[in-house]
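Spelled out, the chains give:
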Amino acid sequence: MSVRRIDERPAVKETLPLGRRLGSAGTTIADRFAAYRLTSVLAIAVVIAVVPVFFPSTYYYRVAALVYVFALAALGLNLLMGFAGQVSLGHAGFMGIGAYAVAIGPTHFGLPTWLSLFVGAALSAGVAFLVGRPILRLRGHYLAVATLGFGLLLAIVFSNEAEWTGGPDGMSVRRLVLIGWAVRGSENWYWFSGATFLVGAALALNLIDSPAGRAMRAIHDSETAARVLGIDVARTKLVVFVISAIYASVAGSYLALFNGHITPEVAGFLRSIELVAMVVLGGMGSIAGSLVGAAVLVLLPQVLTFLHEYEHLVLGLILMGVMIFLRNGIVPSIAAALKGRSS
Amino acid sequence: MAEFLQFAFSGLTVGAVYALVALGFTLIYNASDVINFAQGEFVMIGGLATVFIAAAGIPLPLAALLAVVAATAVGLALYRFAIEPARGASAVSLIMITIGASIFLRGAAQVIFDKRYHSLPPLFGDTPIKFGGAAILPQSLVVLAGALVIVVLLWTFIERTLFGKAVLATAANKLAARLVGIDTRRTVGFSFAVSAAIGAIAGILITPITLTSYNIGTLLALKGFAAAMLGGIGSALGAVIGGLLLGLLEAFSAGYLSSQYKDAVAFIVILVVLFARPQGLLGRATVERV
């Protein structure tokens with residue numbers, strides 16, 4: 001699946017040729033990226049801090065917390081899809097691992113909840129590492145169907161192993177307790193998930209500008225060219241896959257802890273599709289896009305409930321409309337339009 | 001042996017439907033490089049529209065025909081109003097458009113029809129035919145025969161008519177096809193229409209056995225996509241073989257292993273096949289150009 005990456009970051013081309021880069025202005029590419037990183041993280045922090053001013057009730061905190069949780073999963077998937085150019089239609093499977101880890105750990109093994117969260121993340125990373133190598137050899141639509149099959153397998157296991165998971169009805173999840181502080185209530189969850197998303201975004205920005213990040217963007221543009229440049233393609237893809245699995249797993253754990261109950265649907269095909277939709281809608285290769293995409297897809301069903309039976313009809317129309325008219329995703333399309341006006 | 005035959009027949013029946021959905025995938029993919037996740041909705045429209053038109057007092061054969069026409073119109077509209085305006089968008093964006101279309105069609109069906117399960121009377125009654133100890137529904141044979149007729153008709157049309165050759169040329173190289181004077185918009189539109197019609201016919205044929213409802217499309221699209229990939233995307237023969245194989249795999253693993261894990265077994269086999277042959281059973285390996 002060859003996808004053109006549209007990025008709101010300062011393009012490398014702008015700062016080349018070499019002469020200018022070494023010039024007296026003193027702004028190297030690295031400097032500009034570092035500045036970009038800082039402003040991005042600050043911007044997200046401001047959004048998280050300011051948005052609650054407009055919340056009339058705790059219901060809004062609840063929905064916004066869900067936005068951050070899904071944005072975290074979308075962010076991980078965006079690293080894989082938008083930057084490394086590899087699609088996954090089974091990422092909800094990793095959300096499922098994280099969700100069931102915090103459900104099963106305390107209930108069946110007596111582990112503390114926070115430890116279960118880390119166990120879940122480690123488990124997701126392990127599973128991603130094991131299946132990643134054979135699966136990531138596949139390309140384009142074949143990769144899509146293989147990841148789809150993998151996600152379905154996990155969902156089937158979750159709904160069939162009823163003695164562990166409660167089967168299709170799901171199971172309840174104990175509260176998260178951190179150093180004696182029980183995380184409860186929508187307001188606390190808002191700050192908790194918001195802060196986690198911020199950390200996730202900072203780490204992602206760091207990764208993108210690291211040598212590994214440059215390697216994965218090279219793979220996105222052309223696998224063969226990347227290989228010729230001496231990049232270990234298989235290893236780089238695997239690393240991104242594992243990282244994105246960890247993001248999804250943590251998001252899954254948060255979702256389970258926040259809702260207090262989980263069903264196998266958390267790992268289902270529709271969830272996986274929803275995650276991909278968040279990435280594509282918000283903008284592939286855009287960190288802010290993950291947040292915007294998650295916000296749109298979490299908020300829309302809440303906003304559209306007044307339409308009753310017409311809800312899905314309108315949701316489908318909006319999804320199609322956005323993809324037709326803002327085909328590169330919301331954030332990159334708007335960024336491009338703004339740039340075009342100012343220059 | 002009787003058990004084996006029983007499973008084989010139920011597998012082939014479901015497999016024939018998967019094959020037709022996969023064939024629809026292949027037609028649209030070849031013509032436009034779009035993976036159409038709304039493919040399952042055509043199957044749903046075929047079955048449900050027939051049920052509701054027949055309920056309005058129209059004779060069943062005419063109702064079925066009208067349903068196929070309706071689905072074809074939806075297929076053309078999908079191309080004209082959703083795919084065509086997004087020309088040049090990335091593969092993932094196009095997939096998201098078809099997923100949006102699938103949600104839209106499901107939502108529309110929920111409003112136009114209803115949310116219940118519906119059935120149609122089988123063509124030749126429901127007295128099972130005894131064969132080697134297995135009991136086979138006459139409708140199963142209708143499904144298999146219908147699928148066979150569709151495949152043969154499509155093959156003849158593509159291979160033996162000038163317009164069919166134009167469709168092939170469009171699939172092979174769109175720009176070259178346009179250069180030799182082929183109206184590629186027409187051939188791509190045709191592919192969407194035929195693909196929708198095939199899906200609708202599959203939906204009408206299978207409804208007496210499996211019932212239909214507004215939300216059957218998602219699972220069918222998933223299975224059809226898997227079947228098309230198993231066979232090798234772009235290969236029509238591969239799609240048919242992939243569909244039948246997937247149906248048989250499900251039926252045998254449900255019969256001999258565990259009905260809960262039948263989908264799991266099917267997808268494990270698909271994964272193993274793809275690991276061994278990353279381009280599917282009949283697909284051609286591609287070379288990346290730099």
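Just so it is clear, the structure is predicted and the values come from calculations on it, not from any experiment.

**Looking at the overall build of chain A**
Link 1 in the chain: Per the secondary structure count, chain A includes 16 helices and 4 strands.
Link 2 in the chain: Taking 2.2 N^0.38 as the reference for a compact globule, 343 residues should give roughly 20 Å; the C-alpha atoms of chain A span a radius of gyration of 20 Å, in line with that estimate.
Link 3 in the chain: With respect to the three principal axes, the spread of C-alpha positions in chain A is 65 × 50 × 45 Å.
Link 4 in the chain: By residue count, 50% of the 343 residues in chain A fall in the buried class.
Link 5 in the chain: Long-range contacts, defined here as pairs at least 24 residues apart, represent 76% of the contacts in chain A between residues at least 6 apart.

**Thoughts on the confidence of the model for chain A**
Residue and element names in this part refer to chain A.
Link 1 in the chain: Overall, the predicted model of chain A reaches an average pLDDT of 86, with 91% of residues at or above 70.
Link 2 in the chain: Per-element mean pLDDT across chain A ranges from 40 in helix 2 (residues 18-21) up to 95 in helix 12 (residues 233-259).
Link 3 in the chain: Across residues 1-25, where pLDDT falls below 50, the model places 36 contacts with residues more than four positions away in sequence or in other chains.

**Overview of the interface of chain B and chain A**
Link 1 in the chain: The partner chain A presents 37 residues to the 39 residues of chain B that form the contact.
Link 2 in the chain: Elements supplying a minimum of two residues to the side of chain B that touches chain A: helix 4 (91-112), helix 9 (217-231) and helix 11 (262-276) of chain B.
Link 3 in the chain: Broken down by element, the side of chain B that touches chain A gets its largest block of residues, 15 residues, from helix 4 of chain B.
Link 4 in the chain: The class makeup of the residues in the side of chain B that touches chain A is 29 nonpolar, 7 polar and 3 charged.

**A closer look at helix 15 (residues 311-325) of chain A**
Link 1 in the chain: Taking 1.5 Å as the rise per residue, helix 15 of chain A with 15 residues should run 21 Å; its terminal C-alpha atoms sit 21 Å apart, in good agreement.
Link 2 in the chain: Looking at helix 15 of chain A, one finds that the buried residues are His312, Leu313, Leu315, Gly316, Leu319, Met320, Val322, Met323 and Ile324 of chain A.

**Side note on the nonpolar core**
Link 1 in the chain: Counting residues in each nonpolar core, the largest one holds 211 residues, and the members touching the most others are Phe70 and Ala251 of chain A together with Ala19 of chain B.
Link 2 in the chain: Of the residues forming this core, the biggest block, 18 residues, is contributed by helix 4 (residues 58-83) of chain A.
Link 3 in the chain: Every residue in contact with alanine 19 of chain B, bar those within four places of it in the chain, is listed here: Ala147, Ala227, Ala239, Val240, Gly243 and Leu244 of chain B.

**Observations concerning the packing of helix 7 (residues 140-160) of chain A against helix 11 of chain B**
Link 1 in the chain: At their nearest, the axes of helix 7 of chain A and helix 11 of chain B sit 9 Å apart, and the two run at 150° to each other. Crossing of helix 7 of chain A over helix 11 of chain B shows left-handed handedness. Contact residues: Tyr142, Val145, Ala146, Gly149, Leu152, Leu153 and Ile156 of chain A in helix 7 of chain A; Asp263, Ala264, Phe267, Ile270, Leu271 and Leu274 of chain B in helix 11 of chain B.
Link 2 in the chain: Across the contact of helix 7 of chain A with helix 11 of chain B, the residue classes tally to 11 nonpolar, 1 polar and 1 charged.

**So, the environment of threonine 210 of chain B**
Link 1 in the chain: Mapped onto the fold, threonine 210 of chain B is located in helix 8 (residues 184-210).
Link 2 in the chain: Between the C-alpha atom of threonine 210 of chain B and that of valine 14 of chain B, which follows or precedes it by 196 residues, the distance is 9.0 Å.

**Quick word on the packing of helix 5 (residues 92-109) of chain A against helix 7 of chain A**
All names here are of chain A.
Link 1 in the chain: The contact between helix 5 and helix 7 brings their axes to 8 Å, and the two run at 30°. The angle between the axes of helix 5 and helix 7 places the two elements in the roughly parallel class. Facing helix 5, whose interface residues are Ala92, Gly93, Gly96, Ile97 and Tyr100, helix 7 presents Phe150, Gly151, Leu154, Ala155 and Phe158.
Link 2 in the chain: Its residues assigned to classes, the contact of helix 5 with helix 7 comprises 7 nonpolar, 3 polar and no charged.

Criteria and cut-off values
Residues numbered from 1 in each chain as written. Chains lettered and ligands numbered in written order. Predicted model: local features only at pLDDT ≥ 70, side-chain atom pairs only at ≥ 80, totals over all residues. Helix = DSSP H or I, 4+ residues; strand = E, 2+ residues; numbered from the N terminus. Rg over C-alpha atoms; globule rule 2.2 N^0.38 Å. Buried ≥ 20, exposed ≤ 12 C-beta atoms within 10 Å, placed from the backbone. Contact = placed C-beta atoms within 7 Å. pLDDT = per-residue confidence, 0-100. Nonpolar A, V, L, I, M, F, W, Y, C, P; charged D, E, K, R; others polar. Expected span 1.5 Å × (residues − 1). Core = buried A, V, L, I, M, F, W, Y, C linked by C-beta atoms within 7 Å. Axes fitted to C-alpha atoms, helices over the stretch in contact; angles between N-to-C directions. Left-handed = near helix turned anticlockwise from the far one by under 90°. Parallel < 35°, antiparallel > 145°, perpendicular 65-115°, else oblique.

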